[in-house]
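Coordinate analysis (summary)
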Amino acid sequence: MLLKDKRVIVTGASRGIGRAIALECARQGADVVIGHSGSESSRAQVQALVDEIESLGRRAVEVGADAADPDTGDKLVEAAVERIGGVDVFVNNAGICPFHSFLDMPREIYYRTVDTNLNGAYFAVQAAARRMKEQGSGGSIIAVSSISALVGGGMQTHYTPTKAGLLSLMQSCAIALGPYGIRCNALLPGTIATDINQEDLADEEKRARMIGRTPLGRLGRPEDLAGPAVFLASDMAGYVTGAALLVDGGLFVNLQ
Ligand code: NAD
Ligand code: RM4
């Protein structure tokens with residue numbers, strides 16, 4: 001019970017990494033606000049997660065709101081205050097990666113990616129931090145950045161800058177929010193098999209290449225991020241702020 005009675009918000013928690021983090025937080029004793037896109041498909045997924053969390057004896061509240069909208073953070077915080085009493089942990093996880101080549105990148109895809117992954121996140125982190133400051137008991141903010149904050153991707157020229165941006169945001173916020181006891185850290189997943197890269201990894205050659213470069217010999221699973229997220233959220237990480245934690249099976253360091 002590392003998060004006993006903590007109040008947690010996770011964005012993009014309908015599936016994948018966000019879902020795994022939200023569920024493990026509940027297993028560790030937290031009440032959870034589940035942020036999701038509000039789409040028809042996410043509604044059914046979210047209901048299943050709400051049921052699962054409630055069956056653990058914890059509270060779960062769902063909020064459908066576009067992560068790209070600068071008002072979404074306020075909506076999530078409002079729901080957390082009204083329904084679970086406040087916010088101790090904010091996990092910014094929602095993100096997209098519509099793989100596309102650089103020279104013909106449509107502006108719409110570029111702007112949608114930056115708005116969803118970074119611009120909305122900025123204001124959501126701000127909304128969570130304002131509430132944590134008001135509560136006066138500190139807090140933990142975690143951004144799900146990526147190994148892609150550190151390395152490039154030819155089909156990810158719109159995406160990797162958003163992940164570097166999130167890492168940088170956590171570093172600067174660690175300084176800005178340290179005086180209030182609010183810790184800010186980044187998780188850097190490697191290649192985790194989820195819906196975001198299902199099509200990309202359907203290419204057998206690419207899939208084999210990614211696994212081959214990973215010292216632990218397999219792609220990541222959403223659950224691989226749950227423990228690291230709980231650790232950063234918990235009081236066990238009380239002196240950890242401004243840190244970046246790679247969760248990549250060794251992918252990054254494996255040059256030769
Ligand atoms: P996923 O596609 O399964 O999950 C993405 C989540 O974000 C979903 O719940 C989706 O509904 C939500 N989302 C997308 N657009 C949204 C919007 N406009 N408003 C609200 N919610 C929205 O993929 P995932 O792999 O679980 O991705 C989660 C995060 O992890 C992303 O930020 C991604 O960049 C990051 N990440 C993933 C990998 C990987 O290899 N899978 C690696 C590094 C980082
Ligand atoms: C990650 C990383 C993975 C990719 C996903 C979509 O940040 O680049 O390799 O599959 O994004």
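In this report, we go over the structure that sits alongside the text. Being a predicted model, the structure only gives us computed values, none of them experimental.

1. Points about the overall build of the protein chain
A count of helical and extended segments in the protein chain gives seven helices and seven strands. When the helices and strands of the protein chain are placed in sequence order, the string is β-α-β-α-β-α-β-α-β-α-β-α-α-β. The C-alpha atoms of the protein chain give a radius of gyration of 17 Å, which matches the 18 Å a tight globule of 256 residues would have. Long-range pairs, those at least 24 residues apart, make up 74% of the contacts in the protein chain with a sequence separation of at least 6.

2. Digging into the packing of aromatic side chains
Centre-to-centre distance and the angle between the planes together describe a pair of aromatic rings. Taken as a whole, this structure holds two aromatic pairs when the rule is applied. Seen from their ring centres, Tyr-110 and Tyr-111 are 5.3 Å apart, and the 75° between their planes marks the pair as edge-to-face. Take Tyr-110: its relative accessible area is 37%, and that puts it in the partly exposed class. Plain terms: the ring middles of Tyr-122 and Phe-123 are 5.2 Å apart, the flat faces sit at 70° to each other, and that makes the pair edge-to-face. We classify Tyr-122 as partly exposed; its relative accessible area is 43%. Under the relative-accessibility criterion, Phe-123 is labelled partly exposed at 36%.

3. Observations concerning helix H5 (residues 160-177)
Between its terminal C-alpha atoms H5 stretches 25 Å, which fits the 26 Å expected from 18 residues at 1.5 Å a residue. Buried residues of H5: Thr-160, Thr-162, Lys-163, Gly-165, Leu-166, Leu-167, Leu-169, Met-170, Cys-173, Ala-174 and Leu-177, and no others. If you follow the buried residues of H5, they end up packed against strand S4 (89-92), helix H4 (107-135), strand S5 (139-144), strand S6 (182-189) and strand S7 (244-247).

4. A look at the site of ligand 1
Around ligand 1, the structure places 29 residues, and the nearest of them are Ser-14, Arg-15, Asn-93, Tyr-159 and Thr-194. A distance of 2.8 Å separates a nitrogen atom of ligand 1 from a polar side-chain atom of Asp-66. Look at ligand 1: alone it shows 820 Å² of surface, and the protein chains cover 93% of it. In terms of residue class, the shell around ligand 1 is built from eleven nonpolar, 14 polar and four charged.

5. Focus on the pattern of salt bridges
As enumerated under the stated definition, the model contains 14 salt bridges in all. Among the salt bridges present, the one from Asp-235 reaches Lys-6, with a minimum N-O distance of 2.9 Å. With Asp-235 in the loop between helix H7 (226-233) and S7 and Lys-6 in the segment before strand S1 (7-10), this pair connects stretches of sequence that are 229 residues apart. Since its relative accessible area comes to 60%, Asp-235 is described here as exposed. Taking the shortest distance from any N to any O, the salt bridge between Glu-24 and Arg-27 comes out at 3.0 Å. Of the two residues, Glu-24 and Arg-27 both sit in helix H1 (residues 16-27), three residues apart, roughly one turn of that helix. What you see here is one network of salt bridges that share partners, running through Lys-4, Asp-5, Asp-31, Arg-58 and Arg-59.

6. Examining the layout of surface pockets
The space that makes up the second largest pocket amounts to roughly 230 Å³. Lining the second largest pocket are 16 residues, with Gly-138, Gly-139, Gly-181, Arg-183 and Asp-235 positioned closest to its centre. Looking at the lining of the second largest pocket, the elements that each hand over two or more residues are S5 and S6. Across the lining of the second largest pocket, the residue classes tally to three nonpolar, nine polar and four charged.

7. Let's talk about the sheet that holds S1
Here we have seven strands laid out as an open sheet, ordered S3-S2-S1-S4-S5-S6-S7, and parallel in their pairing. Two strands close off the open sheet at either side, each with one partner strand: strand S3 (60-64) and S7. Averaged over neighbouring strand pairs, the angle between their axes works out to 15° when direction is ignored. Here five bridges tie strand S2 (residues 31-36) to S3, and the two strands are oriented parallel to one another. Following the sheet pairing, Gly-35 is matched in S3 by Val-63. Strand contacts of H1: S1, S2, S4, S5 and S6, with the helix running at about 170° to S1, the strand carrying the most contacts. Those strands touched by H4 are S1, S4, S5 and S6, and its axis lies near 180° from that of S4.

Quick notes on the rules
- Residues numbered from 1 in each chain as written.
- Chains lettered and ligands numbered in written order.
- Predicted model: local features only at pLDDT ≥ 70, side-chain atom pairs only at ≥ 80, totals over all residues.
- Heavy atoms only, no water.
- Helix = DSSP H or I, 4+ residues; strand = E, 2+ residues; numbered from the N terminus.
- Rg over C-alpha atoms; globule rule 2.2 N^0.38 Å.
- Contact = heavy atoms within 4.5 Å.
- Phe/Tyr/Trp six-rings, centres within 6.5 Å; stacked < 30°, edge-to-face > 60°.
- Buried < 20%, exposed > 50% of the residue type's maximum accessible area, 1.4 Å probe, protein only.
- Expected span 1.5 Å × (residues − 1).
- Near = heavy atom within 4 Å.
- Polar contact = N/O pair within 3.5 Å; in protein donor to acceptor, adjacent residues only side chain to side chain.
- Areas by Shrake-Rupley, 256 points an atom, 1.4 Å probe, with all protein chains shown as cover.
- Nonpolar A, V, L, I, M, F, W, Y, C, P; charged D, E, K, R; others polar.
- Salt bridge = Lys/Arg side-chain N within 4 Å of Asp/Glu carboxyl O.
- 1 Å grid on protein atoms, 1.4 Å probe; cavity = no way out; pocket = protein on both sides within 12 Å on 5 of 7 lines; lining within 4 Å.
- Points joined across faces, edges and corners; volume = space filled by probe spheres on them.
- Pairing = 2+ DSSP bridges.
- Axes fitted to C-alpha atoms, helices over the stretch in contact; angles between N-to-C directions.

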